[in-house]
Amino acid sequence: MKRLLSIELQKIWLNKASRVLTLTYFILLSLIALIASIKFDLGIFKVHLAEMGIFNFPLIWHFNTYISAWFKFFLAIVIVSIMANEYNYGTLKQNLIDGMSKWEFIQSKFLTAVFFAFCSAVFVFIMSLALGYSFSTYTEISIVFSNLEYLLAFFVKLVGFFSFCLFLGILVKRSAFAIGFLLVWYIIENIIKGYLSFSLFPEGNTAANIEKLLPLESISNLIVEPFSRVSVVKDIGTQMGMNNLKDYSIHYSSFLIVLGWTLIFMLLSYKLLKNRDL
């Protein structure tokens, strides 16, 4: 496994575009810290985001993982680009000639996805600790390390998304088309959601329960938006007579769905590669 991962990381580092995108991704993650310096006036309201409690423990785990997940597209481009290069430059065929099996090839790509997800989770963990201890009102150990399940959800979210991108990279063979297909699939899922909610099951929770099984929707549902948890937003909602009943907790059924899709994407990737004439 170490050998397979080492081979993939060398390919990424030796490719200038992939190297730049990877570095850009981690630089953008670090820029979340700049949110603490944002201040602006809204008439009589003076807003300082750091003072709104978004960096308070344990909310910071929810907030930072949600925001960080938006940058996953940079690594998704790296994954589909490297897969496309395997076809364009003949390195896939050469690896197979050199003795690597097709299953080992899929393993190497999956290990890379897991490695990127793990590094991202560790990076967000360290950054969140630094920001939390700098701005949080609560620094008791029991509070600091509560809600760490958001980091696990963040890790699984990235692994699931990267596995989908790997499958698309193998299916389409061209990075631009793979990213385009990802966008098309996002649109298709929204059409399906609209059809379920407004035509088939306009009442009850049936539509929502079915939607949770869609790949991109299930990945998205792992971490819901955290902004309505902020005290200022809550107070505004209360004054307007709006009761916030949203469930922010991490559901382990969501983990199982995403892990199920991850397994499906890996098996489909292997089946495609196994049956394809290279």
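Here goes a summary of the coordinates provided. (Residues numbered from 1 in each chain as written. Predicted model: local features only at pLDDT ≥ 70, side-chain atom pairs only at ≥ 80, totals over all residues. Heavy atoms only, no water.)

Helix and strand counts for the chain stand at 13 helices and two strands. Counting across all 278 residues of the chain, residues that qualify as buried make up 43%. Summed over its atoms, the accessible surface of the chain is roughly 15,000 Å², and 68% of this surface lies on carbon and sulfur atoms. (Helix = DSSP H or I, 4+ residues; strand = E, 2+ residues; numbered from the N terminus. Buried < 20%, exposed > 50% of the residue type's maximum accessible area, 1.4 Å probe, protein only. Areas by Shrake-Rupley, 256 points an atom, 1.4 Å probe, with all protein chains shown as cover.)

Among the nonpolar cores identified, the biggest contains 71 residues, and Tyr-25, Phe-154, Phe-161 and Phe-162 are the most heavily contacted of them. Ranked by residues supplied to this core, first place goes to helix α8 (residues 149–172) with 15 residues. Excluding residues that lie within four positions of it along the chain, Tyr-25 makes contacts with Phe-71, Lys-72, Phe-74, Leu-75, Ser-120, Phe-154 and Leu-158. (Core = buried A, V, L, I, M, F, W, Y, C linked by side-chain atoms within 4.5 Å. Contact = heavy atoms within 4.5 Å.)

What follows concerns a nonpolar patch on the surface. A grouping of Trp-13, Leu-23, Ile-27, Leu-31 and Leu-34 is seen on the molecular surface, where their side chains present a nonpolar patch of about 510 Å² in accessible area. Examined against the element boundaries, Leu-34 turns out to sit in the loop between α2 (16–30) and β1 (39–42). (Patch = residues over 30% accessible without salt bridge, like charges linked within 9 Å, V, L, I, M, F, W, Y side chains within 5 Å. Salt bridge = Lys/Arg side-chain N within 4 Å of Asp/Glu carboxyl O.)

Another aspect to go through is the packing of aromatic side chains. With the rule as written, the count across this model stands at 16 aromatic pairs. Between Tyr-25 and Phe-26 the ring centres are 4.9 Å apart and the planes differ by 75°, which places this aromatic pair in the edge-to-face class. An aromatic cluster is present here, built from Phe-57, Trp-61, Phe-125 and Tyr-133 joined pairwise through their rings. The positively charged end of Arg-19 is found above the aromatic ring belonging to Trp-13, 5.4 Å away from the centroid. Over the ring of Phe-161 we find Lys-72, and its NZ or CZ is 5.0 Å from the ring centre. (Phe/Tyr/Trp six-rings, centres within 6.5 Å; stacked < 30°, edge-to-face > 60°. Lys NZ or Arg CZ within 6 Å of the ring centre and 35° of its normal.)

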